[in-house]
Amino acid sequence: MSFGVPFFPQEASSEAGHVDALFYTLLAFAVVLGLSLTGLVVGYAVKYRVGSPADRTGRRSRTMALEIAWTTASLIIAFIFFGWGAVLFVRREHPPADALEITGLGKQWMWEFRHPGGQREINELHVPVGKAVVVSLAAQDVIHSFYVPAFRIKQDAVPGRTTHIWFIATEPGRYHLFCAQYCGTQHSEMGGWVTVMAPEQYTSWLNGQGEGDTLAASGEKLFRALGCSGCHGAGSKVRAPVLEGIFGRPVALANQQTVIADERYLRDSILNPNKEIAAGYEPVMPSFDGLIDEGELQMLLAYLKSLSPRPSAGTKT
Amino acid sequence: MTSAMMPSTYLAEGSSPGAWLLTTDHKRVAWLYLVSLTAFFFLGGAMAVLMRVELATPAGDLVADDIYNRLFSLHGIIMVWFFLVPSIPATLGNFLLPLMIGARDLAFPRLNLASWYVFIFGSLFALFSVVAGGVDTGWTFYTPLSTLYANGFVSTAALGVFIVGFSTIMTGINFIVTVHTLRAPGLTWFRLPIFVWTLYATSLVMVLATPVLAASLILIVLERVFGIGIFNPDLGGDPLLFQHLFWFYSHPAVYIMILPGMGVVSEVLPCFSRRPLFGYKAVALSSMAIAVFGFLVWGHHMFVSGQSAYGSVIFSFLSFCVAIPSAIKVFNWSLTLRKGEISFETSMLYALFFLGLFTFGGLAGLFLAALAVDVHLHDTYFVIAHFHYIMVGGMVTAYMAGLHFWWPKLTGRMYSETAGRIAATVTFVGFNLTFFPQYMLGFDGMPRRYHTYPPEFQFWHVLSSAGAVVLAIGYLMPLFYLGSSLFRGARAPDNPWNATGLEWQTSSPPPPHNFETIPVVTRPAYAYDMKGLEHERFSPHRPAPP
Amino acid sequence: MSGTESIVFDSPRREWRADTFAMWVFVGSEAMLFGAIFLVFLFAHIDFGPAFASASKHLSLPLGTFNTAVLITSSFTMALAHMFALHKRWRPAVWSLLATSSLGVCFLVVKGIEYGKEIDEGLAPLLGLPFRYAGPDPVHAEFFFSLYFTMTCLHALHLVGGILAIAGLLAFWPKARPGNRQRRVVAVGLYWHFVDIVWVFMFPVLYLINR
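All of the points below concern the structure found in this document. All of these numbers come straight from a predicted model, not from anything done at the bench.

1. Quick look at the overall build of chain C
Part 1 of the argument: Regarding its fold elements, chain C presents 6 helices and 0 strands.
Part 2 of the argument: Secondary structure elements of chain C occur, N-terminal to C-terminal, as α-α-α-α-α-α.
Part 3 of the argument: Each principal axis of the C-alpha atoms in chain C carries an extent, and together these give about 65 × 30 × 30 Å.
Part 4 of the argument: Put simply, chain C has 211 residues, and 53% of those count as buried.
Part 5 of the argument: Put simply, of all contacts in chain C between residues at least 6 apart along the chain, 77% involve residues at least 24 apart.

2. So, the overall build of chain B
Part 1 of the argument: A tally of regular secondary structure across chain B gives 17 helices and 0 strands.
Part 2 of the argument: Relative to the compact-globule value of 24 Å for 546 residues, chain B shows a C-alpha radius of gyration of 23 Å, a close match.
Part 3 of the argument: Looking at chain B as a whole, 70% of its 546 residues qualify as buried.
Part 4 of the argument: Each charge sign in chain B was given a centre, from 26 positive and 25 negative side chains, and these centres are 14 Å apart.

3. Quick notes on the packing of helix 1 (residues 14-47) of chain A against helix 12 (residues 346-369) of chain B
Part 1 of the argument: It is at 10 Å that the axes of helix 1 of chain A and helix 12 of chain B come closest, and there the two elements cross at 165°. In terms of orientation, helix 1 of chain A and helix 12 of chain B fall into the roughly antiparallel class. For the pair helix 1 of chain A and helix 12 of chain B, the crossing hand works out as right-handed. Residues F23, L26, L27, F29, A30, L33, G34, L35, L37, T38 and V41 of chain A of helix 1 of chain A lie in contact with helix 12 of chain B, whose contacting residues are L352, L355, T359, F360, L363, L366 and F367 of chain B.
Part 2 of the argument: For the contact of helix 1 of chain A with helix 12 of chain B, the residue count by class is 15 nonpolar, 3 polar and no charged.

4. As for the interface of chain A and chain B
Part 1 of the argument: Contact residues are listed per partner, giving 84 residues for chain A and 88 residues for chain B.
Part 2 of the argument: Both sides of the chain A and chain B interface together cover about 7,400 Å² of buried area, and 68% of this is carbon and sulfur.
Part 3 of the argument: Here D238 of chain B ties to R161 of chain A by a salt bridge, and the two come within 3.1 Å at their closest N and O atoms.
Part 4 of the argument: At the junction of chain A and chain B, the tally comes to 21 residue pairs in polar contact (both at pLDDT 80 or more).
Part 5 of the argument: Listing elements by their share of the side of chain A that touches chain B, those giving two or more residues are helix 1, helix 2 (64-91), strand 7 (153-157) and strand 9 (173-179) of chain A.
Part 6 of the argument: Class assignment for the residues of the side of chain A that touches chain B results in 47 nonpolar, 21 polar and 16 charged.

5. A word on the packing of aromatic side chains
Part 1 of the argument: What the rule picks out here adds up to 89 aromatic pairs over all chains.
Part 2 of the argument: Each ring, one from W81 of chain B and one from F246 of chain B, has its centre 6.4 Å from the other, and the planes form 80°; the classification is edge-to-face. Of the two residues, W81 of chain B is situated in helix 3 (residues 65-84) and F246 of chain B in helix 9 (residues 239-273); the sequence distance between them amounts to 165 residues. In terms of burial, W81 of chain B and F246 of chain B fall into one category: buried.
Part 3 of the argument: Judged by centre distance (6.4 Å) and plane angle (75°), the rings of Y148 of chain C and Y207 of chain C are edge-to-face. Taken together, the positions of Y148 of chain C in helix 5 (residues 138-171) and Y207 of chain C in helix 6 (residues 178-208) put the pair 59 residues apart, joining distant regions of the chain.
Part 4 of the argument: Among the residues examined, Y148 of chain C registers a relative accessible area of 0% and is labelled buried.
Part 5 of the argument: Looking at Y207 of chain C, the relative accessible area reads 0%, which means it is buried.
Part 6 of the argument: Feature note: the residues F41, F52, F107, Y115, F143, F144, F145, Y148, F149, W199, F203 and Y207 of chain C constitute an aromatic cluster, connected by ring pairs.
Part 7 of the argument: Above the plane of the ring of W20 of chain B lies R28 of chain B, whose end atom (NZ or CZ) is 4.1 Å from the centre.
Part 8 of the argument: The residue whose ring lies beneath K281 of chain B is F190 of chain B, and the NZ or CZ to ring-centre distance is 4.5 Å.

6. Description of the pattern of salt bridges
Part 1 of the argument: Enumeration over the complete set of coordinates arrives at 20 salt bridges over all chains.
Part 2 of the argument: Its salt-bridge partner being E220 of chain A, residue R224 of chain A comes within 3.1 Å of it at the nearest N-O pair. You can see R224 of chain A and its partner E220 of chain A sitting in helix 4 (residues 215-225), 4 residues apart, about one turn around the helix.
Part 3 of the argument: The shortest N-O distance in the salt bridge between R70 of chain B and D66 of chain B comes to 3.6 Å. With R70 of chain B and D66 of chain B both in helix 3 and 4 residues apart, the pair spans about one turn of that helix.
Part 4 of the argument: Here the salt bridges share partners, and the residues they tie into one network are K107, E112, R114 and R120 of chain A.

7. Some details on the nonpolar core
Part 1 of the argument: Counting residues in each nonpolar core, the largest one holds 331 residues, and the members touching the most others are F146 and F151 of chain A together with W81 of chain B.
Part 2 of the argument: Top contributing element to this core by residue count: helix 8 (residues 194-226) of chain B, with 21 residues.
Part 3 of the argument: Taken together, domain 1 (13-27 + 69-91) and domain 2 (100-208) of chain A each give at least three residues to this core, which thus spans both.
Part 4 of the argument: Grouped together as the second largest cluster of nonpolar side chains are 26 residues, L215, L271, A302 and L307 of chain A included.

8. Topic: a nonpolar patch on the surface
Residues and elements named next belong to chain B.
Part 1 of the argument: The grouping of L43, F121, L124 and L127 at the surface amounts to a nonpolar patch, some 330 Å² of accessible area in total.
Part 2 of the argument: Examining the composition of the nonpolar patch, we find that 3 residues originate from one element, helix 5 (residues 109-132), more than from any other.
Part 3 of the argument: Here L124 is to be found in helix 5.

9. A closer look at the sheet that holds strand 1 (residues 100-107) of chain A
Residues and elements named next belong to chain A.
Part 1 of the argument: The 5 strands are arranged 3-2-1-5-8 in an open sheet whose pairing can be described as mixed. For this open sheet the edge positions go to strand 3 (120-122) and strand 8 (163-168), each flanked by a neighbour on one side alone. Direction aside, the axes of adjacent strands within the sheet are offset by 25° on average.
Part 2 of the argument: Pairing between strand 1 and strand 2 (residues 110-114): 5 bridges, direction antiparallel. Considered in strand 2, the bridge of G104 is made with F113.

10. Some thoughts on the sheet that holds strand 7 of chain A
Residue and element names in this part refer to chain A.
Part 1 of the argument: Strand order in the open sheet formed by 5 strands is 4-10-9-6-7, and the pairing between neighbours is mixed. At either end of the open sheet lies a strand with only one pairing partner, and these are strand 4 (124-128) and strand 7. Pairs of neighbouring strands in the sheet enclose a mean axial angle of 20°, with direction left out of account.
Part 2 of the argument: Judged from the 2 bridges that link them, strand 6 (residues 144-148) and strand 9 form a sheet pairing that is antiparallel. Residue pairing across strands places Y147 opposite F178, the latter belonging to strand 9.
Part 3 of the argument: Packed on one face of the sheet, helix 3 (residues 199-208) meets strand 4 and strand 10 (191-197) and runs near 135° to strand 4.

11. Focus on the environment of I230 of chain B
Part 1 of the argument: Checked against the element boundaries, I230 of chain B lands in the loop between helix 8 and helix 9.
Part 2 of the argument: The class for I230 of chain B is buried, based on a relative accessible area of 0%.
Part 3 of the argument: A sequence separation of 180 residues divides I230 of chain B from L410 of chain B, and the C-alpha atoms of the two residues are 48 Å apart.
Part 4 of the argument: Discounting residues that sit within four places of it in the chain, I230 of chain B has contacts with L219, E223, G237, D238 and L241 of chain B together with V40, F143, L147 and T150 of chain C.

12. Digging into unusual backbone geometry
What you tend to see is this: most non-glycine residues have negative phi, and most peptide bonds are trans.
Part 1 of the argument: Cis geometry is adopted by the peptide bond preceding W109 of chain A, which originates at Q108 of chain A and carries an omega value of -10°.
Part 2 of the argument: Assignment of secondary structure puts W109 of chain A in the loop between strand 1 and strand 2.
Part 3 of the argument: Going from S508 of chain B to P509 of chain B, the amide bond is cis rather than trans, its omega being -15°.
Part 4 of the argument: For P509 of chain B, the position within the fold is in the loop between helix 16 (458-488) and helix 17 (531-536).
Part 5 of the argument: A positive phi angle, near 60°, is found at D379 of chain B, a position not held by glycine.
Part 6 of the argument: Structurally, the position occupied by D379 of chain B is in the loop between helix 13 (371-377) and helix 14 (381-411).
Part 7 of the argument: Positive phi values are uncommon outside glycine, yet K88 of chain C reaches one of about 60°.
Part 8 of the argument: The residue K88 of chain C is located in the loop between helix 3 (61-86) and helix 4 (90-120) in this model.
Part 9 of the argument: On the basis of relative accessibility, which here comes to 49%, the residue K88 of chain C falls in the partly exposed class.

13. As for the side chain of D141 of chain A
Residues and elements named next belong to chain A.
Part 1 of the argument: If you trace the backbone, D141 turns up in the loop between strand 5 (132-139) and strand 6.
Part 2 of the argument: No salt bridge is formed by the buried D141, whose closest oppositely charged neighbour, K107, lies at an N-O distance of 7.8 Å.
Part 3 of the argument: Within the structure, D141 has its side chain in polar contact with the backbone nitrogen of Q108 (distance 2.8 Å).
Part 4 of the argument: Polar contacts involving the side chain of D141 include one to the side chain of H144, which spans 2.9 Å.

14. Section: the pairing of strand 1 of chain A
Residue and element names in this part refer to chain A.
Part 1 of the argument: For strand 1, a buried count of 7 out of 8 residues is recorded, marking the element as mostly surrounded by other parts of the structure.
Part 2 of the argument: Bridge count for strand 1 against strand 5 is 7 bridges, and the pairing is parallel. Bridged to E101 within strand 5 is V134.
Part 3 of the argument: Remark: 2 residues form the turn of the hairpin made by strand 1 and strand 2, two consecutive strands paired antiparallel.

Definitions and cut-offs
Residues numbered from 1 in each chain as written. Chains lettered and ligands numbered in written order. Predicted model: local features only at pLDDT ≥ 70, side-chain atom pairs only at ≥ 80, totals over all residues. Heavy atoms only, no water. Helix = DSSP H or I, 4+ residues; strand = E, 2+ residues; numbered from the N terminus. Buried < 20%, exposed > 50% of the residue type's maximum accessible area, 1.4 Å probe, protein only. Contact = heavy atoms within 4.5 Å. Rg over C-alpha atoms; globule rule 2.2 N^0.38 Å. Lys, Arg positive; Asp, Glu negative; His and termini not counted. Charge placed at Lys NZ, Arg CZ, Asp CG, Glu CD. Axes fitted to C-alpha atoms, helices over the stretch in contact; angles between N-to-C directions. Parallel < 35°, antiparallel > 145°, perpendicular 65-115°, else oblique. Left-handed = near helix turned anticlockwise from the far one by under 90°. Nonpolar A, V, L, I, M, F, W, Y, C, P; charged D, E, K, R; others polar. Buried area = accessible area lost by both parts, 1.4 Å probe. Salt bridge = Lys/Arg side-chain N within 4 Å of Asp/Glu carboxyl O. Polar contact = N/O pair within 3.5 Å; in protein donor to acceptor, adjacent residues only side chain to side chain. Phe/Tyr/Trp six-rings, centres within 6.5 Å; stacked < 30°, edge-to-face > 60°. Lys NZ or Arg CZ within 6 Å of the ring centre and 35° of its normal. Core = buried A, V, L, I, M, F, W, Y, C linked by side-chain atoms within 4.5 Å. Domains from an automatic or database assignment. Patch = residues over 30% accessible without salt bridge, like charges linked within 9 Å, V, L, I, M, F, W, Y side chains within 5 Å. Areas by Shrake-Rupley, 256 points an atom, 1.4 Å probe, with all protein chains shown as cover. Pairing = 2+ DSSP bridges.

Everything listed here is a matter of geometry and, on its own, says nothing about what the molecule does.
Next comes the structure, spelled out in structure tokens:
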């Protein structure tokens, strides 16, 4: 066991530095304000203790100006910290377009990851250094939370929806991966390591994992096995929307609305097809809720995304 | 009334179990609460000590994971609903609210007693859950873990919390109506002691937020028992909906817990500084502002839950806004000391420690309100440290300050100041030793609710566990010296601290109906700088004004 | 302490004011309870509008309408009781109260018949009963019926509370002083009107959406 006492966590992602800059600014502010208030109170307590010879004349009676002054000052400082934190936070919503997409599935009590090439790992995640990585998260049973302290990122994986987290790892090494949302008996055992490797090492690691189907290819097999292609395939007798290139495009709905065919839409259309019916089609598709698990759903989504002409993560290996 | 012809006190009204258990005297109901809440405090505290001992080593060697999960779940459930929420309002508030506004009792004395019975009834459910096998959902009951996967006695615990909610609402209604209708002649709103203001604000939150908790707990029980699926994604429900409902109650509940503590400190600081409270109106109105804003910030518990990012931005903004009234209070309390004549009785020590701990807890709140930083700190020990600084360092410390401040009034006895000062200091040291390391743990990335942890975190965990033992000693000490004061303490004068406030104008302990004649108020609160009081300081047995 | 029930009040008027005020605060608290449940329904309705609309067609509109009329009438008789009590016309006041509570019981009986019908049709996703539903999107129709039973049962429980309150009022009626009779009628009346208003919101939300 190391005797080194941890004071500051490692910084190993592109965001970590930004978050820490705000953290340390807040820390400096908190320490200065907290200590000066403490100093003030202790100072007064000593100076004006009972029986001390301190001068007590000139007690002020008007407090209004002072109240307004410190209220305004607190507001301004609060808004600065708010804006700073919000700007950094909103970046979380916009992963770079060329990001490597890995799917993560949380279940009691392990993390299961699948790389675009179909490589599967449990409680371990290998990523290349210096490349944007998006982890799209799903949960099989209860809410879990993907947390890598060294990257300063965290995102809950919620049953019934897909969430995303992205990062660019900057330092090769092994970092803790935790589940941060309490998820039952072995919550504290749920987690492992994120291994950040040089790109060439990452490639050879991927190759060393054996050739399997890519995630999209597994999805395609599933697409046929479940009979989806029977209706959605070209030349089928049942009229169903063509799915080539659908991902990311607007879809007109029967109720005159238009939605973007994003992951949420595709997920809902598989599990709950009658919720948003594409304009001009009969609501005949059965629900696959309960027939496929979260992992299979992720494969199907990867396949559907790979049909889109845009360079999305699913088409590359 | 002079001490020679003192009428019988409320304590002399009969000592049979019936005289206590069927009383409608708010002062006796306060004692019923005080005894039951103390029992819960030590039950919850014992669980915390067990957890801290377990966490002294990285491996799970003292208790199994299921037991550990039950410990922290029950620690949270008991401390939040069976201690913190009722603590100051139901004990000190119950005792003092009528005294402070010059009333003979609360507006609905029988409702007040009924609320204690409801509390006890609800707590039996919770205790049943403890004995029968525990609850392993955490105090937050997050779905779908609590509805579909947890294997403890979740329904009975939720029912217990649900029932206790009724008692909270009853107390809230009683307080609101009392403040509106039973103020003594001359006691205008802006002459009310801040403690009354904060109780009023607290009651508003209790009455308006508790039903939402009730709704979410009903839905949980329906889902577990009857299999309906409002939070179950497989049945079209949404697990995040529960979090919205839960935090819509539980964030305002934080203010239910801290506001009365702020009120106590606002009484104690002026008294032992011999100064009026600095910025009385700002402090009074900021309590109301906290109560109102408190309803608008629930989403800051859900920044990484997958709720809309722009929703999160709005919640972050509002969370920074709700920090302002608290900051205003801290500045006002600090300046109250200026040019005073400060003495350091036990309750003043507690109040000063409150000021420090609340400040550092509140400042940590800024970190958590800042979105990008919260992403890192959410669900880590940083959050644990933050809310324990507010809830334990703030609220419990204020509770101790109030208990010591009004103990002579409650019991008619004085306790040992030396013992009190030692206990206050031990508590302060133990508290910081326990919880300051948890800020470090959180920043280093240690997630909360972990039974085992990577060895590099052990240094801080050991410090924290050592602190917990010191803290436990600090909290046990008052049991002994306050307990012994009941039998051996010197008789308390009516106004031992020369404080303003109507509660000090009646005898210690007060007569059954508080005042022989209802007093007439002619002064603002905290008139420590007014001429008349200089004279009063040396004549504690001052008759109530006609 | 002439004329007041408890020693804390110095005049009956103050005591009266306190009672009425307390009832308003309590109604505010109850409104938050129903508000939360309505909000849940609203969010679900936004997500699954079509499923909810078709599911709501399986509810019995005639029975629901009849019940709405019953409750509105009961509010009217409650208002009569209030008026008679204020004028100290005790006999008609008692009769109005009896009428009010009978209408409340009538509502519950009809609601019971409606529940029975729904359980027969297999529309009650409770207690492991089989859920048989012919329309589209049965998963979310089931969700609708879960909410329907939760909301209407919660309302029915409040109505039972109201009926018990009237029963209690009448039980203590002979011994009560005039002032106390009036105070209690006002307080119970306020609660009764609130429970009615909740139904007046619930009826269109559950029975009439997209019909």
